[in-house]
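So you can see what is in the structure, the chains are spelled out below.
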Amino acid sequence: MDWFISAAHAATAAEGGAHHGGGFNPMHQFVINRFIDIHLFGYDISFTNSALWMVMATAAVTAFLLLSMKKGSYVPDRAQSVSELTYEFVYNMVRQNAGHDGMKFFPVIFTIFLFVLSLNLLGMIPLPGLGNFTVTSHIIVTFAMAAVILAGVTAVGLLKHGVRFFKLFVPSGVPVWLLPLITVLEVISYFVRVVSLSVRLFANMMAGHTMLAVFASFVVGMGILGGWLPLSFMVALMGLEILIAFLQAYVFSVLSCIYLHDALHAAEH
Amino acid sequence: MDPAAAKLIGAGLACSALIGAGVGIGTIFGNFLNGALRNPSAAPAQFPNLLLGFALAEATGLFGLVIALILLFVF
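Since this is a predicted model, take the numbers as computed values, not measurements.

1. Here's the deal with the overall build of chain A
- When you go through chain A residue by residue, the secondary structure sums to eight helices and four strands.
- Reading the helices (α) and strands (β) of chain A from amino to carboxyl end gives α-β-β-β-β-α-α-α-α-α-α-α.
- In terms of overall dimensions, chain A has a C-alpha envelope of 65 × 55 × 45 Å along the principal axes.
- Burial status across chain A gives 26% buried among its 269 residues.
- For chain A, long-range pairs separated by at least 24 residues make up 60% of all intrachain contacts whose partners lie at least 6 apart in sequence.

2. Concerning the overall build of chain B
- Helix and strand content of chain B: three helices and zero strands.
- In chain B, the succession of α and β elements from N to C terminus is α-α-α.
- Computed over C-alpha atoms, the radius of gyration of chain B comes to 18 Å, more than 25% over the 11 Å expected from 2.2 N^0.38 for 75 residues, which places it beyond the range of a compact globule.
- Considering only C-alpha atoms, chain B reaches an extent of 60 × 15 × 5 Å along its principal axes.
- Taken over 75 residues, chain B has a buried fraction of 12%.
- For chain B, contacts bridging at least 24 residues in sequence account for 92% of all contacts bridging at least 6.

3. Overview of the packing of helix α2 (residues 49-68) of chain A against helix α4 (residues 106-122) of chain A
All names here are of chain A.
- Taken N-terminus to C-terminus, the directions of α2 and α4 make an angle of 120°; their axes are 9 Å apart at the nearest point. The crossing of α2 and α4 is right-handed. Where α2 abuts α4, its residues Trp 53, Met 54, Met 56, Ala 57, Ala 60 and Val 61 lie against Leu 114, Phe 115, Ser 118, Leu 119 and Leu 122.
- Grouping the amino acids of the contact of α2 with α4 by side-chain chemistry returns ten nonpolar, one polar and no charged.

4. Describing the interface of chain B and chain A
- Taken together, the contact between chain B and chain A spans ten residues of the former and 13 residues of the latter.
- Class assignment of the residues belonging to the side of chain B that touches chain A gives a composition of ten nonpolar, no polar and no charged.

5. Here's the deal with the environment of A:Ala79
All names here are of chain A.
- As for its position among the elements, Ala 79 is in helix α3 (residues 78-98).
- Exposure remark for Ala 79: the 15 C-beta atoms within 10 Å place this residue in the partly exposed category.
- Between the alpha carbons of Ala 79 and Leu 67 there is a distance of 8.5 Å; along the sequence they are twelve residues apart.

6. Here's the deal with the packing of helix α5 (residues 139-161) of chain A against helix α8 (residues 228-264) of chain A
Residues and elements named next belong to chain A.
- Where α5 meets α8, the closest approach of the two axes is 8 Å, and the angle between their N-to-C directions is 20°. Here α5 is positioned roughly parallel relative to α8, judged by the angle of their axes. For the element pair α5 and α8, the recorded crossing hand is right-handed. Judged by residue contacts, Ile 149, Leu 150, Val 153, Thr 154, Val 156, Gly 157 and Lys 160 of α5 engage Ser 256, Tyr 259, Leu 260, Ala 263 and Leu 264 from α8.
- A class-by-class count of the residues in the contact of α5 with α8 yields eight nonpolar, three polar and one charged.

7. Digging into the environment of A:Gly223
- When you line up the elements, A:Gly223 lands in helix α7 (residues 223-226).
- Considering only alpha carbons, one finds A:Gly223 and A:Asn25, 198 residues apart in sequence, at a separation of 18 Å.

8. Here's the deal with the confidence of the model for chain B
Residues and elements named next belong to chain B.
- In the predicted model, chain B carries a mean pLDDT of 87, and 100% of its residues have values of at least 70.
- Here helix α3 (residues 47-73) stands out as the least confident element of chain B, with mean pLDDT 84; helix α2 (residues 17-38) is the most confident, with 92.
- In the model output, the complex is listed with pTM 0.83 alongside ipTM 0.77.

9. Quick word on the confidence of the model for chain A
All names here are of chain A.
- Per-chain confidence: chain A averages 84 in pLDDT, with 91% of residues scoring 70 or above.
- The lowest-confidence element of chain A is helix α1 (residues 2-18), averaging 45 in pLDDT; the highest-confidence one is α4, averaging 93.
- Counted against residues more than four places away or in other chains, residues 1-21, with its pLDDT under 50, gives 24 contacts.

10. Concerning helix α6 (residues 179-221) of chain A
- Between its first and last C-alpha, α6(A) extends 59 Å over 43 residues, near the 63 Å set by a 1.5 Å rise per residue.
- A bend of about 35° at A:Val192 is the largest found in α6(A).
- Buried within α6(A) we find A:Leu197, A:Ser198, A:Val199, A:Arg200, A:Leu201, A:Phe202, A:Ala203, A:Asn204, A:Met205, A:Met206, A:Gly208 and A:His209.
- Among the structural elements, α4, α5 and α8 of chain A together with α3 of chain B are those in contact with the buried residues of α6(A).
- Where α6(A) terminates, the next one or two residues include A:Gly223, which has phi positive at roughly 80°.

Scoring rules and cut-offs
Residues numbered from 1 in each chain as written. Chains lettered and ligands numbered in written order. Predicted model: local features only at pLDDT ≥ 70, side-chain atom pairs only at ≥ 80, totals over all residues. Helix = DSSP H or I, 4+ residues; strand = E, 2+ residues; numbered from the N terminus. Buried ≥ 20, exposed ≤ 12 C-beta atoms within 10 Å, placed from the backbone. Contact = placed C-beta atoms within 7 Å. Rg over C-alpha atoms; globule rule 2.2 N^0.38 Å. Axes fitted to C-alpha atoms, helices over the stretch in contact; angles between N-to-C directions. Left-handed = near helix turned anticlockwise from the far one by under 90°. Nonpolar A, V, L, I, M, F, W, Y, C, P; charged D, E, K, R; others polar. Parallel < 35°, antiparallel > 145°, perpendicular 65-115°, else oblique. pLDDT = per-residue confidence, 0-100. Expected span 1.5 Å × (residues − 1). Bend = angle between axes of the 7 residues up to and from the residue.

In structure tokens:
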């Protein structure tokens, strides 16, 4: 991701000079700023705006769930119904896609879903003084999440089935002469899951926010008379982006469930 | 050819991934409508699958965007 940060930095540097001339770069919103410089053991673990948004997302979800469930009455009020509906939504999703054995992993899927959803939605809100930042529009964040999920899923499968886990790569009912080829392909497609899971989320968020920035520049560029046309278009795009923010969080967690189901039932292939 | 021009042409060609994404999204929504009109009572249960298929098809188009960005910014 270094290329991306350096490209964005170059863009900001160029924009810093051209700011008065109305310089505009749709990639500017993805720049990572260090708020507190921390260097430990040769690693840069500075507190950045990305980290700040992750803290905000976690705090918002935790506060909402704790406060809405504080009373815990039989007849839920509005806030309590929202958290109960979210819980049931994810519960049914895990039950349908990961099966009965997968239910003990419900907490982690629930956390992944709410974390990605809140990061996506927080990215839609410009905050005064802080600007706008979408954590999930950086591939290193989504790649780390996907890598941890798939490493964990593989560990679960290995612990449950032992050596028989590798039957996942040898599908039954395939002619013997085709098996070497199929097995190699299955192994490759198993590892490519990390890339596809992370790139799907990253590309959707980044493409959406770049598109919003480009249309926002049209509003400014077309002036007070013509700017209303792209502005009304942006309202519709915002609605689409909120839908995408929800959809991608859903897809990310559904695919995690499906991979979990594959690992849990690896020996039955 | 000028390398910068080749880079731009490559990035433009990478956008042809959208052909497949368009066909895929159209197929999914078309087939969903087809099935939903034949059996409306079964349609709501398949709505999550519709969204899943839409997101998966849309993402393949965005992989092309990633290739375009790599061509533009890495090389």
